[in-house]
Amino acid sequence: MSTTAEVQEVNQEQQSQESKDKAKKLLKSLIDAGVHLGHQKKDWNPKMEDYIFDTKDGVHIINLAMTVNHLMKAADFLKQQAKLNKNILLVGTSKQTSQIIKDSADRAEIYYINQRWLGGLITNFETIRARLNKLREMELQKETGGFVGYAKKEVASINRQILKLNKSLGGLKKMRGKPEVIVAFDQIKDAIALIEARKVNCATVALTDTNCDPTGIDYIIPANDDSMRSIELIAKYLTDAIIEGSALSKRK
């Protein structure tokens, strides 16, 4: 009969092999999606040197072994945060990320900003909270026939306000409390979001291409942040982890 120690050793070996298999499968997916393709060497940020594997035809090649490791760690972190019911906010305001971020957040039932980041969204959240409350009130009024008797111009003005607020803050409507984790898909484009997060000790996860500055980011994911295939793959991998964590939370 196997001893407890022997059983534990077998379990650890199985878990180790499963982890290696997952990493191998992930690596292949990253290669297929072009996640390893960085920017022109002339555009690089020296702070990303540790994450660069080589240069080919003047283009930096990202070290995907490091990407796999960092991506899996980031996913595990987000899984745990979702399990704890933390407010996770996806941020992607560039053209290539906007729709992907919305679709990913909707799938994972979390929150998102996919248009211009509003300065003070984290550091001055009370002002943002007031705008969100106003948006909810106007939408409720509209849904319950509260505009009956209003002049057409007044109704049109309110509808424009609803549209404007939904464009900038629609991804936060269901959120209660401040964002507690920021996941940014373009470190340069969404730099203000990451700076604000650091000021209030909000955890940060971010894609960092070879022209990015990884300073101060809690979970760095060295990756191509221009390719839609790259962004889609990483967004799905991270939101799958969030969905898994949320499911564990609901079982409590």
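Each remark here, short or long, concerns the structure printed above.
To start, this report covers the structure provided alongside it. (Residues numbered from 1 in each chain as written. Predicted model: local features only at pLDDT ≥ 70, side-chain atom pairs only at ≥ 80, totals over all residues. Heavy atoms only, no water.)

### Let's talk about helix α3 (residues 98–108)
Listing the buried residues of α3 in full gives S98, I100, I101, S104, A105 and A108. One side of α3 holds all its buried residues, which, seen down the axis, span an arc of 165°. Turning to α3, the residues buried within the fold contact β4 (88–91), β5 (111–113) and α7 (228–250). Backbone geometry just after α3 places E109 at a positive phi near 55°. (Buried < 20%, exposed > 50% of the residue type's maximum accessible area, 1.4 Å probe, protein only. Helix = DSSP H or I, 4+ residues; strand = E, 2+ residues; numbered from the N terminus. Arc of directions from axis to C-beta. Contact = heavy atoms within 4.5 Å.)

### Things to note about the sheet that holds strand β1 (residues 37–40)
If you trace the three strands from one edge of the open sheet to the other, you get β1-β3-β2, paired in antiparallel fashion. The outermost strands of the open sheet, each flanked by one partner alone, are β1 and β2 (52–56). Each strand axis lies, on average, 30° off the axis of its neighbour in the sheet, ignoring direction. Summarising the sheet, β1 and strand β3 (residues 59–62) pair through two bridges and their orientation is antiparallel. When the bridges of β3 are listed, L37 appears paired with I61. (Pairing = 2+ DSSP bridges. Axes fitted to C-alpha atoms, helices over the stretch in contact; angles between N-to-C directions.)

### Topic: the packing of α3 against α7
Look at α3 against α7: their axes get within 9 Å of each other, and the N-to-C directions meet at 15°. Classified by the angle between their axes, α3 and α7 sit roughly parallel to one another. As for the relative orientation of α3 and α7, their crossing is right-handed in sense. Between α3 and α7, the contacting residues are I100, S104, R107 and A108 on the first element and M228, I231, E232, A235, K236, T239, D240, I242 and I243 on the second. The class makeup of the residues in the contact of α3 with α7 is seven nonpolar, two polar and four charged. (Parallel < 35°, antiparallel > 145°, perpendicular 65-115°, else oblique. Left-handed = near helix turned anticlockwise from the far one by under 90°. Nonpolar A, V, L, I, M, F, W, Y, C, P; charged D, E, K, R; others polar.)

### Structural notes on the sheet that holds strand β7 (residues 203–208)
Taken together, the five strands give an open sheet; going across it, the order is β5-β4-β6-β7-β8, and neighbouring strands pair in parallel fashion. Edge positions in the open sheet fall to β5 and β8 (219–222), since each of these has one partner strand only. On average, each strand axis in the sheet is inclined to that of its neighbour by 15°, with strand direction left out of account. Summarising the sheet, β4 and β5 pair through three bridges and their orientation is parallel. Each bridged residue has a counterpart across the sheet, and for L90 the counterpart in β5 is Y112. Sheet contacts for helix α2 (residues 64–83): β4, β6 (181–184), β7 and β8; angle to β8, the most-contacted strand, approximately 140°.

Shape is all these values report; function is a separate question.
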